[in-house]
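Fold and contact review
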Amino acid sequence: MRAARPARLIADPAIRAAEKLSAARRVTVITGAGVSAASGIPTFRGPGGLWKNHRPESLATAAAFSRDPVTVWEWYAWRRQKIAAAAPNAAHTVLARWSRRFDAFTLVTQNVDGLHEQAGTKGVVGFHGSIWRLRCTQNCGAPEWEDRDADQSALPHCGSCGSLARPGVVWFGEEIPTEALEAAIGALDCDVCLVAGTSSVVTPAAGLVEEARRRGAYTIEINPEATPVTGGVDLAIAGRAEEVLVEIDEKLSVER
Ligand code: OAD
Ligand code: ZN
């Protein structure tokens, strides 16, 4: 009979994650709206996620915007107000620390709230743009501009040609900015790939963790709910990012 390993080593997924991270040189993290939930920013799907019963797929499209820009801007103004009042939470803080800890660190986020950057994270790849940037709907040639005014009761317009302005985010049916896509795909050659707070239903972000695993990375998911990638990762941790990441970080500090 073999001696039993101490139960906690097998049972505690945070310890397992910390072990893998302490041996890792290249770490890539993929985040979604769940990472900002503890900052008071509603997720897109699940409880409390829907705005006035609209599914995100019916608001975040160019077609929806050209049909009803007032409603789409009203949704973004609501999100901007929530984000303006928010501060990074413990999940953002741990990831910011990790961005300085590893030889190579990339954080691919689908979030447009800027909280990873606000927490001081290095190597952030903004997959879906920024809610604080606007651009001309007519592509008149004016470069994107920053607009931090959370009150959008008067629809914003392009300063160059006067056309309606739209949020500088990536909508359904639109391409991920080439630079961000290339940076994210390059970062999938890593030792550990951790995905946190995303429902993993929106492509291409949803496919990144599987690709990282195919390339040999150890993959970890943190999410209180099961997602389409849960069954395919090496370690699925059912819990909230702001709690689980802190726990892993504490164990990681001990490992050091
Ligand atoms: P979703 O709203 O689809 O998913 C949020 C996920 O976070 C869910 O799986 C929750 O179970 C999980 N979650 C909730 N609270 C959490 C917590 N405290 N810690 C960890 N996880 C938690 O958000 P995304 O996956 O980011 O795109 O959505 C992807 C894209 O769809 C968004 O970037 C946005 C949206 O439409 C565009 O606007 C183009
Ligand atoms: Zn213009």
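Placed above this text is the structure.
Residues numbered from 1 in each chain as written. Chains lettered and ligands numbered in written order. Predicted model: local features only at pLDDT ≥ 70, side-chain atom pairs only at ≥ 80, totals over all residues. Heavy atoms only, no water.

Quick look at the overall build of the chain now. Counting secondary structure elements, the chain contains ten helices and nine strands. Relative to its length of 256 residues, the chain is compact, with a C-alpha radius of gyration of 19 Å against a globular reference of 18 Å. Principal-axis analysis of the C-alpha atoms gives the chain an extent of 75 × 35 × 30 Å. Per-residue burial for the chain yields a buried fraction of 46% across its 256 residues. Surface summary for the chain: the accessible area is close to 12,400 Å², and the carbon and sulfur share equals 50%. Across the chain, the centroid of the 28 positively charged side chains sits 4 Å from that of the 30 negatively charged ones. (Helix = DSSP H or I, 4+ residues; strand = E, 2+ residues; numbered from the N terminus. Rg over C-alpha atoms; globule rule 2.2 N^0.38 Å. Buried < 20%, exposed > 50% of the residue type's maximum accessible area, 1.4 Å probe, protein only. Areas by Shrake-Rupley, 256 points an atom, 1.4 Å probe, with all protein chains shown as cover. Lys, Arg positive; Asp, Glu negative; His and termini not counted. Charge placed at Lys NZ, Arg CZ, Asp CG, Glu CD.)

With that settled, the discussion passes to the coordination of the zinc ion (ligand 2). Around the zinc ion (ligand 2), the protein contributes the donor atoms Cys136 (SG), Cys140 (SG), Cys158 (SG) and Cys161 (SG), at 2.3 to 2.4 Å from the metal centre. Given four donor atoms and angles of 103 to 114° at the metal, the environment of the zinc ion (ligand 2) is assigned as tetrahedral. For the zinc ion (ligand 2), the single-chain donor residues occur in sequence as C-x3-C-x17-C-x2-C. (Donors = N, O, S within 2.8 Å, 3.2 Å for Na, K, Ca; no water. Tetrahedral: all angles 85-135°; square planar, octahedral: opposite > 155°, others 65-115°.)

Strand order across the open sheet formed by three strands is S5-S4-S6, with antiparallel pairing between neighbours. Single-partner strands in this sheet number two, and they are strand S5 (145–146) and strand S6 (165–169). Across two bridges, strand S4 (residues 129–136) lies against S5 in antiparallel orientation. Paired with Leu134 across the bridge in S5 is Trp145. Along the sheet face, helix H5 (residues 69–84) touches S4 and S6 and points at about 140° away from the line of S4. (Pairing = 2+ DSSP bridges. Contact = heavy atoms within 4.5 Å. Axes fitted to C-alpha atoms, helices over the stretch in contact; angles between N-to-C directions.)

For the rest of this paragraph, the subject is H5. If you check H5, its first and last C-alpha atoms are 22 Å apart, about what 16 residues at 1.5 Å a residue would give, namely 22 Å. On its buried side, H5 packs onto helix H3 (56–59), helix H4 (62–67), S4 and S6. (Expected span 1.5 Å × (residues − 1).)

Below, the discussion takes up empty space enclosed by the protein. Tallying each qualifying case throughout the model produces three cavities of 30 Å³ or more. The volume enclosed by the largest cavity comes to roughly 70 Å³. Lining the largest cavity are Ala33, Ser36, Ile41, Pro42, Phe44, Arg79, Ile83, Asn111, Val112 and Asp113. Classifying every residue of the lining of the largest cavity gives six nonpolar, two polar and two charged. (1 Å grid on protein atoms, 1.4 Å probe; cavity = no way out; pocket = protein on both sides within 12 Å on 5 of 7 lines; lining within 4 Å. Points joined across faces, edges and corners; volume = space filled by probe spheres on them. Nonpolar A, V, L, I, M, F, W, Y, C, P; charged D, E, K, R; others polar.)

Attention now goes to the layout of surface pockets. Looking at the largest pocket, its volume works out to about 1,000 Å³. At the level of elements, H5 and helix H10 (241–255) are the ones that each hand at least two residues to the lining of the largest pocket. Among the elements that take part in the lining of the largest pocket, H5 stands out by supplying three residues, more than any other. Grouping the amino acids of the lining of the largest pocket by side-chain chemistry returns 22 nonpolar, 16 polar and seven charged. In terms of lining, the second largest pocket is formed by 17 residues, of which the most central are Gly126, Gly129, Glu144, Val170 and Pro177. Of all the secondary structure elements, the ones that give two or more residues to the lining of the second largest pocket are strand S3 (124–126), S4, S6 and helix H8 (178–186). When residues of the lining of the second largest pocket are assigned to their parent elements, the largest contribution, four residues, is made by S4.

Adjacent strands of a sheet form backbone hydrogen bonds with each other and so pair up, either parallel or antiparallel. Read across the sheet, six strands follow the order S3-S2-S1-S7-S8-S9 without closing on themselves; strand pairing throughout is parallel. Each edge of the sheet is formed by a strand with only one pairing partner; in this case those strands are S3 and strand S9 (235–237). Shown here is a sheet whose adjacent strand axes are inclined to one another by a mean of 15°, direction ignored. Bridging between strand S1 (residues 26–31) and strand S2 (residues 104–109) involves six bridges; their strand directions are parallel. Looking at the pairing, Thr28 lines up with Thr106 of S2.

Turning next to the pattern of salt bridges. A complete count under the given rule lists 17 salt bridges for this structure. Of the charged contacts in the structure, one is a salt bridge between Arg133 and Glu144, with a shortest N-O distance of 2.9 Å. Placement of Arg133 in strand S4 and of Glu144 in the loop between S4 and S5 is noted, with a sequence separation of eleven residues between them. Glu144 gets classed as partly exposed once you look at its relative accessible area, which sits at 33%. Arg215 is the salt-bridge partner of Glu211, the closest N and O atoms lying 2.8 Å from each other. (Salt bridge = Lys/Arg side-chain N within 4 Å of Asp/Glu carboxyl O.)

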